[in-house]
Amino acid sequence: REAMKAGLQGALDTGKTGPQAELALRNAIDQAERLVPSILFLMGLVTALITSAVSRAMLSATGEDTAPFHLSFFEIPAAAGRVIIFSAIIGWGCAKFLGPQYQALGENLFFGSFWIFTLDGLAVMDTRLKGRMGKFSRIFLYLLLLLFFLSLLALFVVGMIDFFIRFRSRSQGGNHDP
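Residues numbered from 1 in each chain as written. Predicted model: local features only at pLDDT ≥ 70, side-chain atom pairs only at ≥ 80, totals over all residues. Heavy atoms only, no water.

A.B. asks: Pulling in residues and values, what's your account of the overall build of the protein chain?
C.D. replies: Each helix and strand in the protein chain was counted, giving seven helices and zero strands. Counted from the first residue to the last, the protein chain has its helices and strands arranged as α-α-α-α-α-α-α. Evaluated residue by residue, the protein chain yields a buried proportion of 26% over its 178 residues. If you sum the accessible surface of the protein chain, you get close to 11,900 Å²; carbon and sulfur atoms cover 69% of it. (Helix = DSSP H or I, 4+ residues; strand = E, 2+ residues; numbered from the N terminus. Buried < 20%, exposed > 50% of the residue type's maximum accessible area, 1.4 Å probe, protein only. Areas by Shrake-Rupley, 256 points an atom, 1.4 Å probe, with all protein chains shown as cover.)

A.B. asks: Let's hear about the side chain of serine 151: which residues, and what values?
C.D. replies: Within the fold, serine 151 resides in helix α7 (residues 149-165). When its relative accessible area of 15% is taken as the criterion, serine 151 is described as buried. At 2.7 Å, the side chain of serine 151 forms a polar contact with the backbone oxygen of phenylalanine 148. (Polar contact = N/O pair within 3.5 Å; in protein donor to acceptor, adjacent residues only side chain to side chain.)

A.B. asks: I'd like to hear about the nonpolar core, residue by residue, with values.
C.D. replies: Of all hydrophobic cores here, the largest spans eleven residues; its members are Leu42, Ile76, Ile84, Ile85, Phe114, Trp115, Ile116, Phe117, Leu152, Phe156 and Phe163. If you tally residues by element for this core, the top one is helix α5 (residues 103-129), at four residues. Setting aside residues no more than four positions away along its own chain, phenylalanine 114 makes contact with Leu152, Leu153 and Phe156. Counting residues in each nonpolar core, the second largest holds eight residues, with Leu119, Leu122, Leu145 and Leu155 among its members. (Core = buried A, V, L, I, M, F, W, Y, C linked by side-chain atoms within 4.5 Å. Contact = heavy atoms within 4.5 Å.)

A.B. asks: I'd like a description of the pattern of salt bridges, backed by residues and values.
C.D. replies: Applying the stated criterion across every chain yields a total of one salt bridge. We note a salt bridge from arginine 138 to aspartate 126, for which the minimum N-O separation is 2.9 Å. Here arginine 138 is found in helix α6 (residues 135-145), whereas its partner aspartate 126 is found in helix α5, with twelve residues between them in sequence. Across the pair, aspartate 126 and arginine 138 agree in class, each one buried. (Salt bridge = Lys/Arg side-chain N within 4 Å of Asp/Glu carboxyl O.)

A.B. asks: Quick rundown of the environment of arginine 168? Include the residues and the values.
C.D. replies: Relative to the assigned elements, arginine 168 resides in the segment after α7. In contact with arginine 168, other than residues within four places in its own chain, are Ser72, Phe74, Glu75, Asp120, Ala123, Val124, Thr127 and Asp162.

A.B. asks: So what about a nonpolar patch on the surface? Which residues, and what values?
C.D. replies: A grouping of Phe149, Leu150, Leu153, Val157, Ile161, Phe164, Ile165 and Phe167 is seen on the molecular surface, where their side chains present a nonpolar patch of about 800 Å² in accessible area. In this structure, valine 157 sits in helix α7. (Patch = residues over 30% accessible without salt bridge, like charges linked within 9 Å, V, L, I, M, F, W, Y side chains within 5 Å.)

A.B. asks: Could you give an account of the environment of glycine 159, naming the residues involved and the relevant values?
C.D. replies: The residue glycine 159 is located in helix α7 in this model. Apart from the residues within four sequence positions on either side, glycine 159 is in contact with Phe117, Asp120 and Gly121.

A.B. asks: Report on helix α4 (residues 78-97), specifying residues and quantitative values.
C.D. replies: In this model, α4 (20 residues) spans 28 Å end to end at C-alpha, consistent with the 28 Å of a helix rising 1.5 Å per residue. Among all positions of α4, only Gly81, Ile84, Ile85, Ser87, Ala88, Gly91, Gly93 and Cys94 are buried. Next to the buried residues of α4 lie α5 and α7. (Expected span 1.5 Å × (residues − 1).)

Here you go:
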């Protein structure tokens, strides 16, 4: 928090900002402070995905019999999906109807749900593009999509629709041994 305040004060001391820019910057910092729990959750999710991909690549290079990492294998189990949707609805309700003391809770619940379903939307897209594009082209496309809000929103909607309609066949669970 102190580092953000120091950065804000440094930006304001340059004399290049007007009152509207100052207000926008202060609001952005307040928003970032409220979303710290869900940002930490998102960082953990991304770290787990990267760790899984790297460890599988390293194990396959040693001759171990491991399945390669595929984003298209990511799926939200039915029970977890219902809990995530319920959390998003509660989060939206807290942020919209309860007082400002519950706004941070609501925003964090909704933000976490948003990113999980966005990741599911990316998995649907990976399933559809797997045979049509190379691996690095797909990775570049996914990183590019993550930069724009409308594409994130579209991926979220695809992830939500996939949960209910099932664009792709689901695994039946069970044993992961070969």
